[in-house]
Amino acid sequence: MLRVPDAVLTGVREAGRRVPARLGAAVASRLGRPVEPDPGVDPALAGYLNEQLVATSALVAELRRAAADPDLAVERPLLQRLRREVAADRAELRAVMQERSVRTDWVAQSAGWAGGRVAAALPLLHRLPVVDRLPVARPARDGAAAALLRLEQLHVALTRRALAAAGLATALGRPVLPGAQHQADQVAAAHRRCARALFGAGPGRP
């Protein structure tokens with residue numbers, strides 16, 4: 001019988017303890033029932049703001065994990081700053097929701113939180129004994145290549161936010177998340193730096 005390492009079990013238990021109580025209560029009481037917007041609230045805007053809040057919370061968590069990645073240590077100050085900026089953007093979204101009387105969809109927030117927990121727990125699977133015994137080739141630079149892929153995922157999420165910021169500006173009649181595009185550009189620049197460090201400049205390249 002396969003024995004799951006204590007570190008994996010501890011990680012799962014700790015994740016369970018960190019589930020906000022109000023999220024669990026909301027899921028238990030409202031699962032399967034859509035959030036009914038208050039009268040006078042555009043349901044399309046309410047749903048869109050809630051989805052953007054979920055995406056922004058997931059991005060804050062992913063930036064935190066990226067900043068802790070040893071293969072991205074050289075970019076850590078940038079990633080930590082971006083995490084703070086995106087967290088401030090999340091606060092702005094919540095303020096907009098309060099201003100427009102949009103209620104938080106805790107079912108959607110819970111689903112987003114659970115997805116983030118799964119993403120955070122995946123690296124623990126590599127510590128299972130059966131995984132250690134698999135004949136998997138591990139190139140010397142696989143960690144740096146994985147870091148590049150992580151930056152690409154961050155860039156996709158940040159670019160999506162920049163597009164969403166334009167849509168929200170149209171819906172709200174004023175700019176929101178004004179730094180979103182610049183944040184995406186900074187991650188693209190970090191990706192270029194890491195790619196040069198990993199692969200070299202290459203012939204005919206600066």
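Parameters at a glance
Residues numbered from 1 in each chain as written. Predicted model: local features only at pLDDT ≥ 70, side-chain atom pairs only at ≥ 80, totals over all residues. Heavy atoms only, no water. Helix = DSSP H or I, 4+ residues; strand = E, 2+ residues; numbered from the N terminus. Contact = heavy atoms within 4.5 Å. Areas by Shrake-Rupley, 256 points an atom, 1.4 Å probe, with all protein chains shown as cover. Buried < 20%, exposed > 50% of the residue type's maximum accessible area, 1.4 Å probe, protein only. Core = buried A, V, L, I, M, F, W, Y, C linked by side-chain atoms within 4.5 Å.

S.K.: Mind showing me how you'd approach the overall build of the protein chain here?
M.R.: Broken down by element type, the protein chain carries eight helices and zero strands. Shown N-terminal to C-terminal, the secondary structure of the protein chain runs as helices and strands in the order α-α-α-α-α-α-α-α. Put simply, 81% of the contacts in the protein chain that link residues at least 6 apart link residues at least 24 apart. A total accessible area of about 12,300 Å² is found for the protein chain, and carbon and sulfur atoms account for 61% of it.

S.K.: So what exactly am I meant to see when it comes to the environment of Leu-158 here?
M.R.: When you line up the elements, Leu-158 lands in helix α7 (residues 142-172). Given a relative accessible area of 0%, Leu-158 falls into the buried group. With 99 residues separating them along the chain, Leu-158 and Leu-59 place their C-alpha atoms 8.1 Å apart. Contacts of Leu-158, omitting those with residues within four sequence positions, involve Leu-59, Val-86, Ala-180, Gln-183, Ala-184 and Val-187.

S.K.: Sorry, what's going on with the nonpolar core here?
M.R.: Side chains of a nonpolar character, in soluble globular proteins, are inclined to be buried together. Of all hydrophobic cores here, the largest spans 21 residues; its most connected members are Leu-63, Leu-72, Leu-79, Leu-151 and Leu-154. Among the secondary structure elements, those contributing two or more residues to this core are α3 (43-67), α4 (76-99), α7 and α8 (180-199). Counting residues per element, this core draws most heavily on α8, which supplies six residues. Aside from chain neighbours lying at most four places away, what touches Leu-63 is Leu-79, Leu-82, Arg-83, Val-86 and Leu-154. Counting 16 residues, the second largest nonpolar core, distinct from the first, contains Leu-93, Val-96, Leu-168 and Ala-180.

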